[in-house]
Number of protein chains: 2
Amino acid sequence: MAKTIRKSTLAHVRFDLKNRKVADLKKLFGDLHPADVAELLEELDHQQAQRAYFMLEAEAAPEVLLHLNDLRLQKKLLASLTDAEVAGDIIARISSDDADDLLRRLPDERRQAVIALITDEAKRNDVLELLQYPEGSAGALMVTELVRVNVGGSMRDCVRELRTQAENIHNIYRIYVVDDANVLVGWLRLSDVLSHTLRERIRDVMDPQVFSVQPLTDAEEVSTIMERYDLVVIPVVDDLGRLKGRITIDDIVDVIRQEESEDLQKMGGMEVLDLPYVQTGIFSMVRKRATWLVILFVGEMFTATAMGFFEGEIQKAVILALFVPLIISSGGNSGSQATTLIIRAMALRELTLVDWWYVMRKEVLSGLLLGGILGVIGFSRIALWQEAGFYDYGPYWLSVGFTVAFSLVFIVLWGTLSGSMIPFILKRLRLDPATSSAPFVATLVDVTGLVIYFTIAALFLKGKLL
Amino acid sequence: MAKTIRKSTLAHVRFDLKNRKVADLKKLFGDLHPADVAELLEELDHQQAQRAYFMLEAEAAPEVLLHLNDLRLQKKLLASLTDAEVAGDIIARISSDDADDLLRRLPDERRQAVIALITDEAKRNDVLELLQYPEGSAGALMVTELVRVNVGGSMRDCVRELRTQAENIHNIYRIYVVDDANVLVGWLRLSDVLSHTLRERIRDVMDPQVFSVQPLTDAEEVSTIMERYDLVVIPVVDDLGRLKGRITIDDIVDVIRQEESEDLQKMGGMEVLDLPYVQTGIFSMVRKRATWLVILFVGEMFTATAMGFFEGEIQKAVILALFVPLIISSGGNSGSQATTLIIRAMALRELTLVDWWYVMRKEVLSGLLLGGILGVIGFSRIALWQEAGFYDYGPYWLSVGFTVAFSLVFIVLWGTLSGSMIPFILKRLRLDPATSSAPFVATLVDVTGLVIYFTIAALFLKGKLL
C-alpha cells in the first residue's frame, strides 16, 4: 500500500468501524495484503483493532495475525480466541515454523491445550518436534514442509512428486534426495527437472555435495553459513544425517535483525534481552540493565578517587572543576565513535587482527585532528566569554584556556586510541569486542582523562593558581 | 570449512607457499569453496596472499576475489592485474551486479579503460546501464540476468526458454512475463510449469499481480517491501513499466547489514560513513566524526555554565566536586540504555507512537529501581570508605552520602525517562529517532544532572557545608 493513501485508508477504516459498515470493511481488507491489514490494525487502538480483526475473512486472519509487529496486540487477539479456534482456524492454516513461533508465545498450559486440539496428526507431530528445540536453534527455525524424493527413483518420479506437493509448499527452492532410511544424500535444483529427460535416474542428476546444519546448530551460525556460501536454503539433518527440515534465507533475515538488536544492546551497555522489549517483564529487564550499570558505576567510582587525589588543586583553583564534565565527556564521545567504527568493521571482517597497526596510525592522526578542533573551540569559548565579560576566569584566564585546550587534544587522542585498540585487545583475548565496549571505553577514558587534565593543569598553572 | 581444521590448513598453505609447492596448493584450493579460500588469503600477509591468489584456477579466481571482505587486499589484487585481465578474466566470468560492484571500486580512469575492454557487447551494455544508477539504489543492486517470456506464448515456449537459459542463470525463482514492448505484465512460479500442460497459454497461467520497484528506488525501501510482503525476488521496472532486472533476497541481506552499520554509527554519535572504514580517507572521516563531536561539545559546554552557577557551593564544599563525574555518567549510562532499547523496538515496529504511555510507566518503575540500586551502592561506598578510614569526607559525611544517594536515584530516573521519551518526541516530529540519540541523551542528562545534584546538595547540606 502506497504511503500516500495510508492516512485516508485509516480514516475510512475508523469511520466504517464506528458506523458498523461491515461490508465495506470486508471489501477493503480483502483488497489489501495481510501485511498492510496488520499495519492498519496497529494504527488503531486495541479495542478497535480487535473489532476489525474479527471482520477478516477466515483465510486472511491467520496471515494478518502473523504479520503483526505489535506483540501486545497479537497477545490480546490470541487471548480473545478459544483454544479450539487457535488450533483450528490459525494453526491449521499456517506453516509449521509459523505455528511453532505462535505457540511459543502462548502461556505453557494454554500451549498444551491448543496442541491437543490440532486435528491433523502430521501437523501436530511436526509442531511437537519443532517445539522441543530451544529458541534460537536451527530446529526452531526450520520448516518441515519440503519436497523429498527417493534416490532410487527416476526424474519421472521426481516430477510426479513435485506435482503432488507443488500446491502445499509455498516456495520450492530445492528437491531433497534421500535414501530408504531418510538420510539426505543429495539435492536437485528445480531447473534440473527441466534440463534432464524423465528417464534419467535421480542418482545421476543430483548434486551430492550439500551443506547442511543440525537442529541444535545456533541460528547465528546458520546465518553465517548461508551468507558465506550464498545459499537461499539449507537442509537440517539429525546426527544420523536424516532429513528433518529446511531453513530459507527469508527466515535468516529475522535472525540478522535479532543479531543486530543484540549488538546494539551490547553497545548500549546492557545484557542482551531474550525477548522483545514489550514482552520483557519489569524485573527481568531491570536485572539485565542493572548488571552493566553497576559494573560501569563501580568503574566510574575511580573518578571520585582520582578527583580526591586532586582535591588540593581543586580547593586552590575551583575554576578547574568547572571544566571537568566538558573535558571527560569529549574523551568519552571520541572513544565511543572510534570503538563503534572498529567493532563494526571487525564484524564485517573488513578488519582483522593483523590490521591493528594500520588502524593505530589512522586513529592517531584522526585523534589529533579531532582533539585540535575541540581544543580550538574550547579555547575560543573561554577567551570570548572572558573578553565579552560573560564570566571572569580570573587573572590567569589565558593559562586556564591553554590547560583546557591542550587537555582536549590529549584526551580526545587518548579516547580515540583506546576506543580503537580495545576491540583489538578483546579480540586477541578471544572475547567478544562488542560487549559493552562503548560505555566501557567511556568509563576508562573518564578516569584516565581526569589524570591527564590535572597533570596538564599543574604544568600550565604551577606558581599561578596552583 | 570446519573451524577445527582451519588452523592446520593455514599452516599448510604457509608452508607450501614458502616451499613453492604449487601443485599441492592448487589441489588444496581446488577442494575448497571460494569463500573459504578468500578467508585463508585474508589470514596471510598481503604479499603471501597475492602469491597464493595467482595459483588459483582461472574459474575460481573471480569468485575468490568477490568473497574477500578485506577490501584493502582486494584493491591490491586488482591493482596487480592488467586492465585486460580484469575485463577478460574477472568481469567476463561474473554476474552483472557483481561486475557493477567491482567496477565501482576502481578509480574512475581505470573503470573506463576496463569497460572498453569487455568483449561481450551485451555484458558491456548491462554493466554501463547498472553503473549509471547511484550507489544504494535498486538499479545498482539488481541483476539483469533473468528468464523472460512473451505473454503471447504457450507454456511450451516457456519451457523452451527455461531450458536455454537454465545454464546461465544461477538461481531461477520466477519467470517474468512481458508484452511486445518489454512491459512486465505478470509472472510465473517455476512450479507453475510443472502443474500446467504445455498447451496452456502463459496469459492464463501467470499471476498478473506483481510487486515491483523502480531503478531509483532506495535500497532500504526495497528491503522493506521484500520483508513486508515475504518476497524472495522483486522485479525492477522503469517509468514505463519495462522490465530492467531483478533483485534477490540475498542481496537484500547486504543492504540490511549496511543499514545496521548506519544505525550503529548514528547511535555511536557520528555521521554515517559512505564507504567502509578501510576505504574512507582520513579527512572525510574526520569531517564525519567532527560534526557530531562538535555539536555534543557545544552542548556539553552548558555543563561548564551549570558548574559556574554553583561555583560558590563548590568553593565551600569541594567534596561535592569529587562526585560530579560519577553522578552524571550514571545518568548518561542509564539514558543510553533506555534510548537504545526504545529506538530498537521502534525500528522493529514493536512500539509505535500510541505506546508512549505504556513505555513511560515501565521506565519510571525501571528508573526508580535502577537508581535505587546505584544509590545504595554509592551510599555504601562512602560509608565504607569513611568507616574504614580510606578517605575522610568530613564531619557531615552522612549528609554527603545521602546527597549522593538521592541524586543518583533522581538522575538515573531522569536519564531513563529522557532516554525513553526523546525517541517518541523525535518520531512525533518526523525526525529519525536513531540520529545520535544515545550521546545526545547523555549530554542532556549531564547538564540537567548537575542542576539536580547541586539542588539536592543544597537541601541536605544547607547550614552544614553550604
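Going by the structure above, here's the rest.
This report concerns the structure included in the present document. Per chain, residue numbering runs from 1 following the sequence as it is written. Chain labels run from A onward and ligand labels from 1 onward, assigned in the order the entries are written. With pLDDT at 70 or above as the cut-off, local features in this predicted model cover only qualifying residues; side-chain atom pairs require 80 or more to be listed or tallied, and sums for whole chains, interfaces and linings still use all residues. With hydrogens and water stripped out, all remaining heavy atoms of the structure feed into the side-chain values.

A few words now on the sheet that holds strand S3 (residues 184–189) of chain A. All names here are of chain A. Each pair of strands is called paired provided DSSP finds at least two bridges between the two strands. Starting at the N terminus, helices and strands are each numbered in turn, a helix being any DSSP run of H or I of at least four residues and a strand any DSSP run of E of at least two. Strand order in this open sheet of 3 strands is S1-S2-S3, and the pairing throughout is mixed. Edge strands, defined here as strands with exactly one partner in the open sheet, are strand S1 (147–150) and S3. Neighbour-to-neighbour, the strand axes of this sheet turn through a mean angle of 30°, independent of strand direction. In this description, contact between two residues means that some pair of their heavy atoms is separated by no more than 4.5 Å. Axis lines are fitted to C-alpha atoms, over the contacting stretch for helices. Their N-to-C directions set the angle, which ranges from 0 to 180 degrees. The strands that helix H12 (residues 155–165) touches are S1, strand S2 (174–178) and S3; relative to S1, the one it contacts most, it runs at about 155°.

Okay, the relation of the copies chain B and chain A next. Here two copies of a chain appear, and what relates them is a rotation about an axis with a shift along it. In screw terms, the move from chain B to chain A is a rotation of 180° and a rise of 0.0 Å along the axis, fitting with an RMSD of 0.0 Å. Such a combination of rotation and displacement between the chain copies is what one expects of a two-fold axis. When the interface residues of chain B are mapped onto chain A, 100% of them again lie at the interface, so the same face is used by both copies. The superposition of copies rests on a least-squares fit of C-alpha positions from residues with pLDDT of 70 or more in both.

Here the focus is helix H22 (residues 397–428) of chain B. Residues and elements named next belong to chain B. Here a helix's expected span is defined as the number of its residues, less one, multiplied by 1.5 Å. When the terminal C-alpha atoms of H22 are compared, their 46 Å separation across 32 residues agrees well with the 46 Å that a helix rising 1.5 Å per residue should span. With 23 of 32 residues buried, H22 is to be regarded as a mostly interior element. Taken from the residues just after H22, Arg430 is the one with a positive phi, measuring 60°. The buried label applies to any residue whose accessible area, calculated with a 1.4 Å probe on protein chains only, is under 20% of its type's maximum; exposed applies above 50%, and partly exposed to all values in between.

The partner chain A presents 119 residues to the 119 residues of chain B that form the contact. Once two parts are brought into contact, the accessible area they lose, counted with a 1.4 Å probe and summed over both, makes up the buried area. Taken over both partners, the interface formed by chain B and chain A buries close to 11200 Å², and the fraction arising from carbon and sulfur atoms is 62%. A pair is scored as a salt bridge if a Lys or Arg side-chain nitrogen falls within 4 Å of a carboxyl oxygen belonging to Asp or Glu. Linking chain B with chain A are 14 salt bridges, by the criterion used here. The partner of Arg72 of chain A in a salt bridge is Asp355 of chain B, and the shortest N-O contact between them spans 2.5 Å. Contacts described as polar in this section are N or O atom pairs within 3.5 Å, which, within protein, must combine one atom able to donate a hydrogen with one able to accept it, while residues neighboring in sequence count only if both atoms come from side chains. Counting the contacts that link chain B with chain A gives 37 residue pairs in polar contact (both at pLDDT 80 or more). Ranked by residue count, the leading element in the side of chain B that touches chain A is helix H17 (residues 282–309) of chain B, at 17 residues. Class assignment for the residues of the side of chain B that touches chain A results in 63 nonpolar, 28 polar and 28 charged. Residues are grouped as follows: Ala, Val, Leu, Ile, Met, Phe, Trp, Tyr, Cys and Pro are nonpolar; Asp, Glu, Lys and Arg are charged; all remaining types, including Gly, are polar.

Attention now moves to a nonpolar patch on the surface. Residue and element names in this part refer to chain A. On the surface, Leu398, Phe402, Phe406 and Phe410 cluster together to form a nonpolar patch covering roughly 360 Å² of accessible area. Within the secondary structure, Leu398 sits in helix H22 (residues 397–428). Assessed through its relative accessible area of 42%, Leu398 is described here as partly exposed. Residues form patches when they are more than 30% accessible in relative terms and have no salt bridge. Like charges link within 9 Å. Nonpolar side chains (Val, Leu, Ile, Met, Phe, Trp, Tyr) link within 5 Å. Surface accessibility follows the Shrake-Rupley procedure with a 1.4 Å probe radius. Residue values consider only the protein chains on display as shielding.

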